[in-house]
Amino acid sequence: MSISASNVPSLSSVTKYIDEDEHEKTKMALIFDKYNHRLATLPKERGWITENLYMYQGFWHQSKRRMSFETVMALQDTFNACPTDIYLATLPKSGTTWLKAIVFAIVNRNRYKNDSFPTHPLLISNPHNCLPFVETEIFRNTPTYVNDPHSPRLFATHIPYTSLPRSILDSGCRLVYLCRNPKDVLVSMFHFANKLRDKSRGPMRFEEAFELFSKGAMPIGPYWDHVKSYHNVSLKHPTKILFLKYDDMKVDTVNHVKRLSTFLGYPFTEAENDDGAVQEIVRMCSFENLREVNKHGDLREGIPNDAFFREGTVGDWTNHLTSEMSEILDQITNEKFHGLDILF
Ligand code: PAP
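My aim in this report is to walk through the structure given alongside it, one point at a time. Note that residues are indexed from 1 along each chain, following the sequence as it is written. In keeping with the predicted nature of the model, local features appear solely for residues at pLDDT of at least 70, side-chain atom pairs appear and are counted solely at 80 or more, and the whole-chain, interface and lining totals rest on all residues. Remark: hydrogens and water are excluded; side-chain values derive from all non-hydrogen atoms of the structure.

## Digging into the packing of aromatic side chains
Move 1: Pairing of aromatic rings covers Phe, Tyr and the six-membered ring of Trp, with a centre-to-centre limit of 6.5 Å; geometry is then stacked below 30 degrees between planes, edge-to-face above 60, and tilted otherwise. One pass over the structure, following the stated rule, counts 17 aromatic pairs.
Move 2: The interplanar angle of 80 degrees and the centroid separation of 6.0 Å between the aromatic rings of phenylalanine 79 and phenylalanine 155 together place this pair among those described as edge-to-face. In this pair, phenylalanine 79 is assigned in the loop between helix H2 (69-78) and strand S4 (86-90) and phenylalanine 155 in strand S5 (residues 154-157), connecting sequence segments 76 residues apart. Residue phenylalanine 79 shares its accessibility class with phenylalanine 155, and that shared class is buried.
Move 3: Note on criteria: charge over ring means Lys NZ or Arg CZ within 6 Å of the ring centre, with the direction from the centre no more than 35 degrees off the ring normal. Cation over ring: arginine 180 sits above tyrosine 246, and NZ or CZ is 4.1 Å from the ring centre.
Move 4: The ring of phenylalanine 344 is capped by lysine 245, whose NZ or CZ atom sits 5.9 Å from the centre of that ring. Strands are runs of DSSP state E lasting at least 2 residues, helices are runs of H or I lasting at least 4, and numbering of each runs from the N terminus. For the exposure calls, accessible area comes from a 1.4 Å probe over protein chains only, and a residue counts as buried if that area is under 20% of its type's maximum, exposed if over 50%, partly exposed in between.

## Quick notes on the packing of helix H9 (residues 206-214) against helix H16 (residues 323-336)
Move 1: Throughout, an axis means a line fitted to C-alpha atoms (over the contacting stretch in the case of helices), and angles, computed between N-to-C directions, take values from 0 to 180 degrees. For the pair H9 and H16, the least separation of the axes is 11 Å and the interaxial angle reads 15 degrees. Between H9 and H16, the angle falls in the class roughly parallel. The interaxial crossing formed by H9 with H16 has left-handed handedness. Side by side, H9 and H16 meet where Phe206, Glu207, Phe210, Phe213 and Ser214 of the first sit next to Met325, Ile328, Leu329 and Ile332 of the second.
Move 2: The residue makeup of the contact of H9 with H16, split by class, is seven nonpolar, one polar and one charged. Angles below 35 degrees are treated as roughly parallel, those above 145 as roughly antiparallel, those between 65 and 115 as roughly perpendicular, and all remaining angles as oblique. By definition, turning the near helix anticlockwise from the far helix through less than a right angle yields a left-handed crossing, and turning it clockwise yields a right-handed one. A contact between two residues is defined here by any heavy atoms of the two lying within 4.5 Å. Each residue receives one of three labels: charged for Asp, Glu, Lys and Arg, nonpolar for Ala, Val, Leu, Ile, Met, Phe, Trp, Tyr, Cys and Pro, and polar for the others, Gly being one of them.

## Let's talk about the site of the ligand
Move 1: Every one of the 21 residues lining the ligand counts as a neighbour, but Lys93, Thr96, Thr97, Ser188 and Glu311 are closest to it.
Move 2: Polar contacts, as used here, are pairs of N or O atoms within 3.5 Å; protein pairs need one atom able to donate a hydrogen and one able to accept it. Residues neighboring in sequence count only if both atoms are side-chain atoms. Within the side chain of threonine 96, a nitrogen or oxygen atom sits 2.6 Å from an oxygen atom of the ligand.
Move 3: Contact between the ligand and arginine 310: an oxygen atom at 2.8 Å from a side-chain N or O atom of the residue.
Move 4: Computed with the Shrake-Rupley method and a 1.4 Å probe, the accessible areas treat only the protein chains shown as cover for residues. Contact with the protein chains covers 97% of the free accessible surface of the ligand, which is 640 Å².
Move 5: Split by residue class, the shell around the ligand holds eight nonpolar, nine polar and four charged. It suffices for a single heavy atom of a residue to lie within 4 Å of a molecule or strand for the residue to be listed as near it.

## Side note on the sheet that holds strand S3 (residues 59-61)
Move 1: Pairing between strands is defined by DSSP: at least two bridges between the two strands are required. Across the sheet, three strands lie side by side as S1-S2-S3; this open sheet has antiparallel pairing. Sheet topology places strand S1 (44-46) and S3 at the edges, where each strand pairs with a single neighbour. Pairs of neighbouring strands in the sheet enclose a mean axial angle of 40 degrees, with direction left out of account.
Move 2: For strand S2 (residues 52-56) and S3, the ladder comprises three bridges, and the chain directions are antiparallel. Considered in S3, the bridge of tyrosine 54 is made with histidine 61.
Move 3: The strands that H2 touches are S2 and S3; relative to S2, the one it contacts most, it runs at about 30 degrees.

Here it is in structure tokens:
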């Protein structure tokens, strides 16, 4: 399968979206049917949002969802990367939405330079619509916003490095990895799961989330293995893989936007620096601004736009974890990240 970049974003006719929805449903059904027989062979664990998680290639995945082991298998079998692609990789709840917004804004800044409020895509739509996941794009007929044919294709992914489609690994394209303090990831995932979980299962208790997280069983976890999979390669290929931390980005967003723009090959000119172009991107992609834009509507069935904007802070874990829970996670993190320069 090859996913090509679409042209100018247009909020076109309703008919197109109805067709697109039908196309997606059919394609999802085909992919699930093709790979679902593997389910019986995979280790199983209690799920956060869906009933179960299944271990594929050392990581826990949902089944029959856009983010699922079936999707990973389909991508591994069919996805064609281009050397000019840019990938943003994260474990869920590590700042994906924020990073998508920033990278979309950096790469497309000249394209929307003269647009007045509110025509910039980030001022009218969820960052997830502006920069798609490969996992969701695989089902689409016409790719979402993306870029013009002269820009690189921008994709995000939650897939661990070791399970990425071969063509991404071989293409030599650039990749940004963003990680976040495990305790804040746990808290963020806990709230997200309770928003999206099937009501018949009742709310998840924090103690249960903690227990599952600690043993690695969260969607696309274990947390530590996911982070390490990208950290290892970022050390070997620093010009191709940029390893960032949400916590650092919150402290100094301006310098991170500059660093990202240089890494991606879109450095700010002196004139742009003088004009405050960096600060403008920081402001547009701020938690407060994106939350305001996304306070209504749904991203897709059952996922409200506002589910991606909760607190947007560092350290909310102190309001959820007991000191004993905190110590247990510290101990696991120290062991798993021993000798690595990954500190929070
Ligand atoms: P995803 O992987 O499912 O797309 P992701 O965007 O990684 O989710 O995580 C959402 C978290 O990022 C939320 O954290 P919280 O639950 O601790 O609040 C959300 O608030 C935070 N977030 C979203 N947008 C921003 C932003 N612009 N700046 C900082 N944090 C943000």
